[in-house]
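Listed below, chain by chain, are the residues.
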Amino acid sequence: MPAGRTVVIAGPNDPGLAKPISEKLGAQLVTVQEKIFPDGELYVRISEPDTVRNSCAILVNTLYPEQNKSWIETLFLTNALRNTGASMVIVVIPYLAYSRQDKVFLEGEPVSISVMLKALRNGGADCLLTIDVHNPLSLKEFNGCAINIMVSDVLAKKAAEYTESPIVLAPDKGALERAKIAAEAIGAEYDYLIKKRDRVTGEVSVEPKELSVEGKDVIIIDDIISTGGTIALAAKKSLESGAKSVILAASHSLLVDNAMDKIKSSGAKKLVTANTLNKKFTESIIEVVDVSNKIVDVIKTII
Ligand code: R5P
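Throughout this description, residue numbers start from 1 for each chain and increase along the sequence as written. Only residues with pLDDT of 70 or above have their local features reported here, since the model is predicted, and side-chain atom pairs are shown and tallied only from 80 upward, although totals for entire chains, interfaces and linings are computed over all residues. Side-chain metrics in this entry use all non-hydrogen atoms of the structure; hydrogen atoms and water are not considered.

**What to know about the overall build of the protein**
Right, so step 1: Secondary structure elements are defined from DSSP: runs of H or I of at least 4 residues count as helices, runs of E of at least 2 residues count as strands, and each element is numbered from the N terminus. A tally of helices and strands in the protein yields nine helices and 15 strands.
Right, so step 2: Think of it in three bands: residues with accessible area under 20% of the maximum for their type are buried, residues over 50% are exposed, and the middle band is partly exposed, with areas taken using a 1.4 Å probe on protein chains only. Residues classed as buried in the protein amount to 52% of the 303 residues present.
Right, so step 3: When checking whether two residues touch, look at their non-hydrogen atoms; a contact exists if any pair is within 4.5 Å. In the protein, 62% of the contacts between residues at least 6 apart in sequence involve partners at least 24 apart.
Right, so step 4: With residues, only the protein chains shown are counted as cover, and all accessible areas are computed by Shrake-Rupley using a 1.4 Å probe. A total of about 13,700 Å² of accessible surface is found on the protein, and carbon and sulfur atoms cover 49% of it.
Right, so step 5: Taking the average location of the 35 positive side-chain charges in the protein and that of its 38 negative ones, the two points are 2 Å from each other. Counted as positive: Lys and Arg. Counted as negative: Asp and Glu. His and the chain ends are not counted at all. Charge positions are represented by NZ for Lys, CZ for Arg, CG for Asp and CD for Glu.

As structure tokens, this is what we get:
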């Protein structure tokens, strides 16, 4: 679809990606106004509606922190762009909240990600770009152009700077594709971890399915770090099994509760993460990698 003029709209929960994306596209950066009414309802408005009319409008808003508020912002702004006369609306949601509820695990539950994607499409989004969604298959619920941008290669290249003899591990089988992309980017082997519990002693062991970590610099890569339990356990067990060092890599480091403490005490020496959240990382163990180039490359193929 030819788009003509392109504008980039920085949503209230922009993780700092709107500006580099606009600069790299040579597009005007547009801001939004937001306020909360006394009764708690949210109001948003595009600051310069005239610049949006007849343009290809790219809205950038992530969904963490404040998943519910930022989700409403995203829906309202999508609708506002459509009403203002944008010829094409591309919504960039670097972290797509609710992506882990992608099926009914227990009877009586919703498929939350399906509800969200349908609402976004019905709200007027032509195209959705997101980064390393938990389950890429869930994007079919958008029923339109929905693209999952993998950044495991970028994360792995940064992580590999701290290694001499790297191997890449996924914390579980579901994350194997992510590990494969990461490993191929740095020419390393990859595997996934299997968690077993001894039925007699109750002891939990976490081991790679095939590879040995002995003497290796292990890069453990996952999509989300929430409480830190999954990745910290994988790091700790890798070191106990003889790994020389462990570097963690994650697309979305939510780091809730005492996740940071768990990561530090796991023995991992670095956490490499992408700039997909509207969150400042101050810990020296964390290195943030800018993924705006990846997003821009995909936008160029669309417009
Ligand atoms: C699970 O399937 C995800 O890929 C992550 O491994 C998980 O969400 C991490 O959660 P936490 O940090 O709370 O262990």
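Anyway, onward from the coordinates.
**Re the site of the ligand**
Right, so step 1: Taken together, Arg 100, His 134, Asp 222, Asp 223, Ile 224, Ile 225, Ser 226, Thr 227, Gly 228, Gly 229 and Thr 230 are the residues near the ligand.
Right, so step 2: For the ligand, an oxygen atom lies 2.9 Å from a polar atom in the side chain of Arg 100.
Right, so step 3: Residue Thr 230 places a side-chain N or O atom 2.5 Å away from an oxygen atom belonging to the ligand.
Right, so step 4: Residue assignment for the shell around the ligand shows that the elements contributing at least two residues are β12 (217-225) and α7 (229-240).
Right, so step 5: In terms of residue count, β12 provides more of the shell around the ligand than any other element does, four residues in total.
Right, so step 6: Residue classes in the shell around the ligand are distributed as two nonpolar, six polar and three charged. We call a residue near a given molecule or strand whenever any one of its heavy atoms falls within 4 Å of it. Pairing of N or O atoms within 3.5 Å defines a polar contact, subject to two protein rules: one partner must be a possible hydrogen donor and the other a possible acceptor, and residues neighboring in sequence count only if both atoms are side-chain atoms. Polar here means any residue outside two lists: the nonpolar Ala, Val, Leu, Ile, Met, Phe, Trp, Tyr, Cys and Pro, and the charged Asp, Glu, Lys and Arg; Gly therefore counts as polar.

**Brief notes about the pattern of salt bridges**
Right, so step 1: Should a side-chain nitrogen of Lys or Arg be within 4 Å of a carboxyl oxygen of Asp or Glu, the pair is scored as a salt bridge. Taken as a whole and judged by the stated rule, the model has 21 salt bridges.
Right, so step 2: Note that Lys 140 is salt-bridged to Glu 141, the shortest N-O span being 3.7 Å.
Right, so step 3: Residue Glu 141 is classed as partly exposed on the basis of its relative accessible area of 23%.
Right, so step 4: Within this structure, Asp 132, Arg 178, Asp 222 and Asp 223 form a network of salt bridges that share partners.

**Quick word on the state of the cysteines**
Chemically, a disulfide is nothing more than a covalent bond linking the sulfur atoms of two cysteines.
Right, so step 1: The definition used for a disulfide is geometric: two cysteine sulfur atoms within 2.5 Å. One pass over the full model with this rule turns up one disulfide.
Right, so step 2: Each sulfur in the disulfide pair Cys 127 and Cys 145 lies 2.1 Å from the other. Of this pair, Cys 127 sits in strand β7 (residues 127-131) while Cys 145 sits in strand β8 (residues 145-149), placing them 18 residues apart in sequence.
Right, so step 3: There is no disulfide at Cys 56, and the cysteine sulfur nearest it, in Cys 127, is 9.0 Å away.
Right, so step 4: Relative accessible area serves as the criterion here: at 0%, Cys 56 is assigned to the buried category.

**What to know about the packing of aromatic side chains**
Right, so step 1: Within 6.5 Å between ring centres, the rings of Phe, Tyr and Trp (the latter by its six-membered ring) count as paired, and their orientation is classed by plane angle as stacked under 30 degrees, edge-to-face over 60, tilted in between. With the rule as written, the count across this model stands at two aromatic pairs.
Right, so step 2: Judged by centre distance (5.8 Å) and plane angle (75°), the rings of Phe 37 and Tyr 43 are edge-to-face.
Right, so step 3: Residue classification places Phe 37 among the partly exposed residues on the basis of a relative accessible area of 33%.
Right, so step 4: Residue class for Tyr 43 comes out partly exposed when judged on its relative accessible area of 30%.
Right, so step 5: Measuring from centroid to centroid gives 6.4 Å for Tyr 64 and Tyr 95, while their planes differ by 90°, and the two rings are edge-to-face. Taken together, the residues span a long stretch of sequence, with Tyr 64 in the loop between β5 (56-60) and α3 (67-84) and Tyr 95 in the loop between β6 (88-93) and α4 (112-122) at a distance of 31 residues.

Purely geometric numbers; function is a separate question.
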